[in-house]
Amino acid sequence: MNNDKPFFLPFLKKEQLTSDCYTFFFKRIPESPEFTPGQYIEIKLDIKNPDERGDAHVFTISSSPLELEFYTITTRIIQSTFKMRLAELQPGEQVQFDGPWNDLNFDEHDKSPHVFLAGGIGITPYHSIVKYAMEKNLDTQMILFVSWKNREEMIFDDFFRNTNNHMDNFSYVPTLTEESLSPSEWDGEIGRINEEMIKKYVSELNASKYFFSGPPAMVTALKETVKGMGVPSEKIIFEEFEGY
């Protein structure tokens, strides 16, 4: 569902996930639009002298549509005027939103196996989708690959591990690209997501739909990898905005 008019929601709180990553909570009100899992919105903030990044930014909604009390976004706080202003929001402050919009177009009625591939903070749409799928007990087969530099930057790991243990149709495959650990220290994969890793976990390669989000260079490389495996273009879906 798309909303053509800006709307305002009060800021509730933020929760720190890592040294520089936070989840921001905004109160849902009766006038705020419904959304489907994986959709994104734009936030516009009152910034007196914004830098070249401007006063508006798009974010995936990281909460489930079934969490009726709030929207959440999850993002790293970097040294931009927008992100610093975001970090300074006070409870009750009204914030302007636009959207929501679709890139991933998750369809809960599509029974094709779903393969989610994420890099870093690009994991946020899958937090929304998988949480929704768990709450509704969807039977769609889902596999989530997510690539992190190291364990310190990982977010939502406990949630996905718990879901992996409680949903027979969901598999979670985290991998570390810049931290090499022994099997006693780490039970995930090591190295970048590649064809060999995908084939290790995905049994129905050409019947599956592939969803990509994360750094543009990684998304581009992974799309080429999947195309090289013979997956048709209509089964490849990706986010087209940069940054979270």
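Refer to the structure presented above.
These lines cover the structure that appears in this document, whether it is placed above or below. Position labels on residues start from 1 in each chain and follow its written sequence. The predicted nature of this model means local features are confined to residues of pLDDT at least 70 and side-chain atom pairs, given and counted, to a pLDDT of 80 or more, with totals for whole chains, interfaces and linings taken over all residues. Neither water nor hydrogens contribute to the side-chain values; these are computed over all heavy atoms in the structure.

Comments concerning the nonpolar core
Okay, step 1: Ranked by internal contacts, the top residues of the largest apolar core, which has 30 residues, are Phe-116, Ile-123, Tyr-126, Leu-144, Phe-160 and Phe-170.
Okay, step 2: Those elements that place two or more of their residues in this core are strand 7 (114-119), helix 2 (124-136), strand 8 (142-148), helix 3 (157-166) and strand 9 (170-176).
Okay, step 3: Elements are defined by DSSP. Helices are runs of H or I of four residues or more, strands are runs of E of two residues or more, and each kind is numbered from the N terminus. With five residues, helix 2 is the single largest residue contributor to this core.
Okay, step 4: Membership of the second largest hydrophobic core comes to 21 residues, among which are Leu-9, Ile-41, Ile-73 and Leu-86. Among buried residues, the Ala, Val, Leu, Ile, Met, Phe, Trp, Tyr and Cys ones that are joined through side-chain atoms within 4.5 Å form a nonpolar core. Relative accessibility under 20% of the residue-type maximum defines a buried residue, over 50% an exposed one, and the middle range a partly exposed one, all with a 1.4 Å probe and only protein chains included.

Some details on the sheet that holds strand 9
Okay, step 1: As summarised here, the arrangement of the six strands in space is 10-9-8-7-11-12, forming an open sheet in which the pairing is parallel. With partners counted over all chains shown, the strands left at the sheet margins are strand 10 (189-190) and strand 12 (236-238), one partner each.
Okay, step 2: Throughout, a contact is declared for two residues whenever any of their heavy atoms are within 4.5 Å. Fitted lines through C-alpha atoms give the axes, limited to the stretch in contact for helices. The angle between two N-to-C directions lies from 0 to 180 degrees. Taken strand by strand, helix 2 contacts strand 7, strand 8, strand 9 and strand 11 (209-213), and its axis lies near 145° from that of strand 7. A pair of strands is considered paired only if DSSP assigns at least 2 bridges between the two.

Thoughts on the environment of Thr-175
Okay, step 1: With respect to the secondary-structure elements, Thr-175 resides in strand 9.
Okay, step 2: It is 9.2 Å that separates the C-alpha atoms of Thr-175 and Asp-187, two residues lying 12 residues apart in sequence.
Okay, step 3: Apart from residues lying up to four places away in sequence, Thr-175 is in contact with Val-146, Ser-147, Trp-148, Trp-186, Glu-189, Ile-190, Gly-191, Ile-193 and Met-197.
Okay, step 4: A distance of 3.2 Å separates a polar atom in the side chain of Thr-175 from the backbone oxygen of Glu-189. Counting of polar contacts relies on pairs of N or O atoms within 3.5 Å, with two restrictions inside protein: one atom must be capable of donating a hydrogen and the other of accepting it, and residues adjacent in sequence are counted only when both atoms are side-chain atoms.

Some remarks on the environment of Ile-198
Okay, step 1: For Ile-198, the location among the structural elements is in helix 4 (residues 195-201).
Okay, step 2: Excluding residues within four positions of it along the chain, Ile-198 makes contact with Leu-117, Phe-145, Ile-193, Leu-205, Tyr-210, Val-226 and Met-229.

A closer look at the pairing of strand 7
Residues in a regular strand project their side chains so that they alternate between the two faces of the sheet.
Okay, step 1: Across the six residues of strand 7, six count as buried, placing the element largely inside the fold.
Okay, step 2: Alternating positions in strand 7 separate into two faces, His-114, Phe-116 and Ala-118 on one and Val-115, Leu-117 and Gly-119 on the other, with burial throughout.
Okay, step 3: The pairing of strand 7 with strand 8 spans six bridges and is classified as parallel. Considered in strand 8, the bridge of Leu-117 is made with Phe-145.
Okay, step 4: With strands facing away from the observer, any crossover in which the path from the first strand over the helix to the second runs clockwise is taken as right-handed. Read from strand 7 through helix 2 to strand 8, the crossover connection turns out right-handed.
Okay, step 5: With five bridges connecting them, strand 7 and strand 11 associate as parallel partners. Bridge pairing in strand 11 links His-114 to Lys-209.

Overview of the sheet that holds strand 3 (residues 40-44)
Okay, step 1: Strand order in this open sheet of six strands is 4-3-6-1-2-5, and the pairing throughout is antiparallel. The open sheet has two edge strands, strand 4 (56-60) and strand 5 (70-76), and neither has a second partner. Strand-to-strand twist of the sheet, defined as the mean angle between neighbouring strand axes without regard to direction, takes the value 40°.
Okay, step 2: Note that strand 2 (residues 21-27) and strand 5 share seven bridges and pair antiparallel. Residue Thr-23 lies in a different strand from strand 5, and its bridge partner there is Thr-74.

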